[in-house]
Amino acid sequence: MTTEFISLSDPLVDKDRAALLRAGELLRQGGLVVFPTETVYGLGADATRGEAAEKIYAAKGRPSDNPLIIHIASPEEAERYTETTPLYYRLAEAFMPGPLTVVLKAKASVPLAVRAGLPTVAVRCPAHPAARELIRAAGVPIAAPSANLSGSPSPTNARHVRDDMEGRVDMILDGGDSDIGLESTIVKIEEDGSLTLLRPGAITPDDLAAIGAKVTIADAVLGALKEGETVLSPGMKYKHYAPHTPFYLLDGAPEAAAAYLNGIRGRLAVLCYTGDADVFATLRNAHPIPVGEREDLFWLAKRLFSLLRDCDCGQYDAIYAPLPPPRGLGLALYNRMIRAAAHHIITL
Ligand code: TXA
Ligand code: MG
């Protein structure tokens, strides 16, 4: 398949709107279109057609039991596909459009291929202007997972998408670097009106609690599943975001980390907080890569997936990074990084 590339301007101008109309038409015809969102790039298909959604699984190499998120242009559109509740509308008022995905009971109108046979479905109303314009142009909701090959980090720019998806999709819309860089927060609305946090993101547990919701963090967010434990979100059981180069997390003070790395052979990429870069600068075989300040994790969130792709180019024998604190935005980083590192945490 030939993939068409289209570069969008920011803000969108008339020629971009024309391109988005064409992309919408492609989606209606059952095609695959990669589009930017504020979190990561999405690989979209018409969510009302099971056979279009099935193409997504094939293009990504994604297991068919891992359901897709339906992207809608306004929160009310969820009515057509899900059983909404008052809490859904409280969440919508506080966080939509934005980086929040809500899992609700599905209506029969949602193809089984989209929800991987589950009785529930995930909905998200993205904030990115191009994503919103595309959903409107398509006239149908867009089913979209992150636009990476299954198992590699989510794409946060069009180069990543091209590396993974060229020849597998009809069109790639380039909207520059993703603002947030980590996938949306996913919550499930439970029968008793509480929320289960299935995947942490830029909207933190504190943000959710601030609207009066009772939030339980699913066990899989902070660690591996133990035997016999049920998987609440099918995606959690798959290995994720894993670079081919061995990746380790360092839990301890930067000085202790530097002393530890001093004893390791090979060429090392060392992600470090900017204020700690000097501590690692004296190591002979390590390349310190500053990732922003410890107190401000937004920079690391925005760049993490990109850094993992860049460090995985064969130039390094191993990649090291500080273990982020599992609080606030750090919880989302912790969740992604322990998976990328296959739980290899070095306690110093
Ligand atoms: O930020 C995002 O959410 C991006 C952009 C493109 O919107 N999308 C994204 O999709 O990250 P994906 O497919 O890579 O991750 C969606 C996660 C998967 O782990 C999946 O298992 C879970 O959402 N999920 C989808 N439907 C679900 C459901 N009904 N119940 C529980 N988990 C669900
Ligand atoms: Mg994904």
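Scope of this entry: the structure provided in the associated data block. As the structure is a prediction and not an experimental result, all values here were calculated from the model.

## Some words on helix H11 (residues 298-311)
The periodicity of an α-helix, 3.6 residues per turn, causes residues three or four places apart in sequence to face the same way.
Step number 1: Here H11 contains 14 residues, and its C-alpha end-to-end distance of 20 Å stays within 8% of the 20 Å for a straight helix at 1.5 Å per residue.
Step number 2: Where H11 bends most, at Leu304, the angle is about 50°.
Step number 3: Among all positions of H11, only Leu300, Ala301, Leu304, Phe305, Ser306, Leu307, Leu308, Arg309 and Cys311 are buried.

## A short note on the packing of aromatic side chains
In this description, an aromatic ring pair is defined by two values, namely the gap between the centres and the angle between the planes.
Step number 1: In the structure shown here, the tally under the stated rule is 2 aromatic pairs.
Step number 2: Where Tyr88 meets Tyr89, the ring centres are 5.1 Å apart and the plane angle is 80°; that geometry is what we call edge-to-face.
Step number 3: A relative accessible area of 0% places Tyr88 in the buried class.
Step number 4: The exposure class of Tyr89 is partly exposed, given its relative accessible area of 28%.
Step number 5: Geometrically, the ring pair formed by Tyr248 and Tyr320 is stacked, given 5.1 Å between the ring centres and 25° between the ring planes. With a gap of 72 residues between them, Tyr248 in strand E13 (residues 247-251) and Tyr320 in strand E16 (residues 318-322) connect regions that are remote in the sequence.
Step number 6: Classification of Tyr248 as partly exposed rests on a relative accessible area of 25%.
Step number 7: Of the residues examined, Tyr320 reaches a relative accessible area of 3% and is grouped as buried.
Step number 8: Sitting over the face of the ring of Phe5, Arg162 holds its NZ or CZ atom 3.7 Å from the ring centroid.
Step number 9: Between Arg303 and the ring centre of Trp299, over which it is positioned, the NZ or CZ distance is 5.3 Å.

## Comments concerning unusual backbone geometry
Step number 1: The linkage connecting Asp10 with the following residue, Pro11, adopts the cis geometry, with an omega of 0°.
Step number 2: Along the chain, Pro11 falls in the loop between strand E1 (4-7) and helix H1 (14-28).
Step number 3: Cis geometry is found at the peptide bond from Met96 to Pro97, where omega equals -5°.
Step number 4: The topology assignment puts Pro97 in the loop between helix H3 (86-95) and strand E6 (100-106).
Step number 5: Positioned with a positive phi, Ala116 is a non-glycine residue whose angle comes to about 50°.
Step number 6: The residue Ala116 is located in the loop between helix H4 (112-115) and strand E7 (120-124) in this model.
Step number 7: Here Ala116 falls in the partly exposed class, since its relative accessible area comes to 21%.
Step number 8: The phi dihedral of Ala342 is positive, around 50°, even though this residue is not glycine.
Step number 9: In this fold, Ala342 is placed in the loop between helix H12 (329-340) and strand E17 (345-347).

## With respect to the packing of helix H6 (residues 158-165) against H11
Step number 1: Here H6 crosses H11 at 55°, and the two axes come no closer than 11 Å. Of the possible angle classes, the one that applies to H6 and H11 is oblique. Considering how the two elements wind past one another, H6 and H11 form a crossing that is left-handed. Along its contact with H6, which presents Arg159, His160, Asp163 and Asp164, the element H11 presents Ser306, Arg309 and Asp310.
Step number 2: Its residues assigned to classes, the contact of H6 with H11 comprises no nonpolar, 2 polar and 5 charged.

## A short note on the pattern of salt bridges
Step number 1: Under the criterion given, the structure shown has 13 salt bridges.
Step number 2: Here Arg124 and Glu38 are joined by a salt bridge, their closest N and O atoms 3.1 Å apart. Remark: Glu38 occurs in the loop between strand E2 (33-35) and strand E3 (42-46) and Arg124 occurs in strand E7; sequence separation between them is 86 residues.
Step number 3: For Arg124, a relative accessible area of 3% puts it in the buried group.
Step number 4: A relative accessible area of 7% places Glu38 in the buried class.
Step number 5: One salt bridge connects Arg336 with Glu183, and the closest N-O pair in it is separated by 2.8 Å. One end of the pair, Arg336, is in helix H12; the other, Glu183, is in the loop between strand E9 (171-174) and strand E10 (185-189), and 153 residues separate them in sequence.
Step number 6: The network of salt bridges with common partners includes Asp14, Arg17 and Glu133.

Rules used throughout
Residues numbered from 1 in each chain as written. Chains lettered and ligands numbered in written order. Predicted model: local features only at pLDDT ≥ 70, side-chain atom pairs only at ≥ 80, totals over all residues. Heavy atoms only, no water. Helix = DSSP H or I, 4+ residues; strand = E, 2+ residues; numbered from the N terminus. Expected span 1.5 Å × (residues − 1). Bend = angle between axes of the 7 residues up to and from the residue. Buried < 20%, exposed > 50% of the residue type's maximum accessible area, 1.4 Å probe, protein only. Phe/Tyr/Trp six-rings, centres within 6.5 Å; stacked < 30°, edge-to-face > 60°. Lys NZ or Arg CZ within 6 Å of the ring centre and 35° of its normal. Axes fitted to C-alpha atoms, helices over the stretch in contact; angles between N-to-C directions. Parallel < 35°, antiparallel > 145°, perpendicular 65-115°, else oblique. Left-handed = near helix turned anticlockwise from the far one by under 90°. Contact = heavy atoms within 4.5 Å. Nonpolar A, V, L, I, M, F, W, Y, C, P; charged D, E, K, R; others polar. Salt bridge = Lys/Arg side-chain N within 4 Å of Asp/Glu carboxyl O.

Interpretation in functional terms is not warranted from these geometric data alone.
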